[in-house]
Amino acid sequence: MDLLKINTAGSVDDGKSTLIGRLLYDNGALTKEQEDLIKKKTEEKGLSDLDFSVITDGLIAEREQGITIDVAHIYFSTPERKFIIADSPGHVEYTRNMVTGASNSEVSIILIDARKGLLEQTYRHYFINRLLRQSHILFCINKMDLVDYDEKVFQNISRQINNMLEQYPKQDQEIAIIPVSSLKGDNIVYKSDNMPFYKGKTLSELLHTIGKTQSEHSDFRMDIQQVLHVQNEEFTDYRAYAGRIISGSISLGDTIIVLPSGKKSKVQEIRKYKTTYEKAEQGQSIQIRLSDDIDISRGSMLIKENKDFLINKDILADLVWLDEQKATLSGKYGIQAGARMGVCKLHEIHYIIPPEDPSAKFEASEISMNEISEVNIKLASPLYLDKYEDNKMNGAFILIDMQTNNTVAVGFVK
C-alpha cells in the first residue's frame, strides 16, 4: 500500500481534532483502548456526542485549554491505503507549527466553521499552502449541523473560498469544497442524508482516490553527509561518499560534478551496506564510489549538469518568520539546507505580504513573528539551491539565530 501524508489546518475551535478522530473512528482504525478512552472522556465531560478530540490532543495543556498547540502526528491505515495526518494548531501564535506540519504533507485539509466563514487564519493557511506548492487542498466547511445543514450557508462560504482563490495567479492545484459535520459524521466517511444538495465525494473517498504526487524534478541532487574511508580485509582502501538523494536518479557509469570544486568523475559503485545497485533514486540513502580521488567533504553536493544559479550567493526568497525576536535588516543568521550550512545576511526586505489580501503588500524594515515577506539574502558561500517551484526538495532552507540556536525562519527560493 502507498502512503499519503495529510496536514490539517484551520482556526481555533474549527474542529480539526474532532474531524481526525471521526475519520479514524468511522474507518475502524482505532484500537479498543482508544475507543474506550473516547467513551470515558465523553462521560466525564457529560457530552451527548462522542469526544473524538482526545485522540489527537495529547498534551495535558491542550486537553485543559481545549486547543491544539503542537503538531500531533497520527498514523492509521485502511485496507486500501496508509495515512499519516499532521494535526496542526489553529491559533495564530502557532502558525510556525502549521508550517512545519504542512511542509512534509502532500494533501492539506483546511477547516472552516460554517457559522463564521473565512477568517484571517483561513487566508494565512491557504497562502502558506501556496508557498509550499501543495498540490491538493480540501476545504471542509465544518459544523454544518449547527446551521441546520443549510445549503445557502454552504454556497455562500464556497463563494468566499472561490473569491480568495481568484486573488492569486493560477497554480497547479486540485481544490475540493466539502460540507461536513465532524461531530455527527456527515460526509466524513459516510455520505450525509442531511445534505442531498452535495453530490461530491466524502472526505474519506477523496483521501482514498487522490493520486500520489510524482517527483516533479528530474535533475540529480545529492547531499554528501559523510565521507567513508575503510581499511580492512573485506574493503581495501575503500573510499565512498554517503548521503541522501534529494532529487533525480543516479546510475552506474554516470558522470557527476562535485560542488563547489566543479570537478568531474564517473560513478563506479552504488552501495547500501553490503548490497550494490545499478541505479538509485530520489529519497534513497546510499554511498557512492567514484573512479577518481576527488576532495569531497560533508556539505558538498553531487549533480549531473552544472547550473550557474546553484553557486549564486544572492537569493531572492519568500520568508515565513517563526521567532518572537523580530528580523532586522543586515541581521546575520546561520542558514541550512539539508547537510549544507553557512552564514548569511538579511540584505533587503522588499515587502510584507498580508495573507488575507496579498495585493496589499507593504514595505517594512523588520519582520515580526508569523509575518510572510519577500527578502533578499546574501550568502557568505553558496548553498547550491534550486528555485522552490522547480525543485521543492532543494529549494527550501531555514535560518538559525547563531546566539540561541533557535530556528527563526523558513524560506522558499524564488
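Given the structure is predicted, the values throughout are model-derived calculations rather than measurements. (Residues numbered from 1 in each chain as written. Predicted model: local features only at pLDDT ≥ 70, side-chain atom pairs only at ≥ 80, totals over all residues. Heavy atoms only, no water.)

1. Observations concerning the sheet that holds strand β2 (residues 72-77)
Our working definition: Here, strands pair whenever DSSP counts at least two bridges between them. Segments assigned H or I by DSSP are reported as helices when at least four residues long, segments assigned E as strands when at least two residues long, and all are numbered from the N terminus. Working convention: axes come from line fits to C-alpha atoms, limited for helices to the stretch in contact. Angles between N-to-C directions cover 0 to 180 degrees.
Reading across the sheet, the 6 strands line up as β2-β3-β1-β4-β5-β6 and stay open at both edges, with mixed pairing between neighbours. Of all the strands in the sheet, the pair left with one neighbour each is β2 and β6 (174-179). Ignoring strand direction, the axes of neighbouring strands in this sheet form an average angle of 20°. As paired strands, strand β1 (residues 3-9) and strand β3 (residues 82-87) are joined by 6 bridges and run parallel to one another.

2. So, the sheet that holds strand β19 (residues 340-352)
Under the convention used in this document: Throughout, a contact is declared for two residues whenever any of their heavy atoms are within 4.5 Å.
Ordered in space as β16-β21-β19-β18-β22-β23, the 6 strands form a closed barrel in which the pairing is antiparallel. Put simply, the sheet's adjacent strands are angled 45° from each other on average, direction ignored. Pairing of strand β18 (residues 332-337) with strand β22 (residues 396-400), which is carried by 3 bridges, proceeds in the antiparallel orientation. Following the sheet pairing, G334 is matched in β22 by I400. Sheet strands in contact with helix α5 (residues 120-131) are β16 (314-321), β21 (372-379) and β23 (407-413), and its direction is about 35° off that of β21.

3. Observations regarding the packing of aromatic side chains
Let me state the cut-off plainly: Only centres within 6.5 Å qualify two rings of Phe, Tyr or Trp (six-membered ring in Trp) as a pair; their planes then separate them into stacked at under 30 degrees, edge-to-face at over 60, and tilted for everything else. Each residue is placed in one exposure class: buried if its accessible area under a 1.4 Å probe, protein chains only, is under 20% of its type's maximum, exposed if it is over 50%, and partly exposed if it falls in between.
Using the criterion set out here, one finds 8 aromatic pairs in the structure. Summarising the aromatic geometry, the rings of Y126 and Y168 are spaced 5.4 Å apart at their centres and angled 70° between planes, so their arrangement reads as edge-to-face. Of the two residues, Y126 sits in helix α5 while Y168 sits in the loop between α6 (151-166) and β6, which places them 42 residues apart along the sequence. Residue classification places Y126 among the buried positions, given a relative accessible area of 2%. A relative accessible area of 9% places Y168 in the buried class. Note on F154 and F197: the rings are 5.6 Å apart at their centroids and 40° apart in plane angle, and the pair reads as tilted. Placement of F154 in helix α6 and of F197 in the loop between β6 and α7 (203-209) is noted, with a sequence separation of 43 residues between them. An aromatic cluster is defined as three or more aromatic residues linked by ring pairs; in this entry it consists of Y126, F127, F139 and Y168.

4. Thoughts on the pairing of strand β7 (residues 221-230)
As paired strands, β7 and strand β8 (residues 238-247) are joined by 9 bridges and run antiparallel to one another. Looking at the pairing, V230 lines up with Y238 of β8. As paired elements, β7 and strand β15 (residues 301-303) share 3 bridges and run antiparallel to each other. Paired with M222 across the bridge in β15 is L302.

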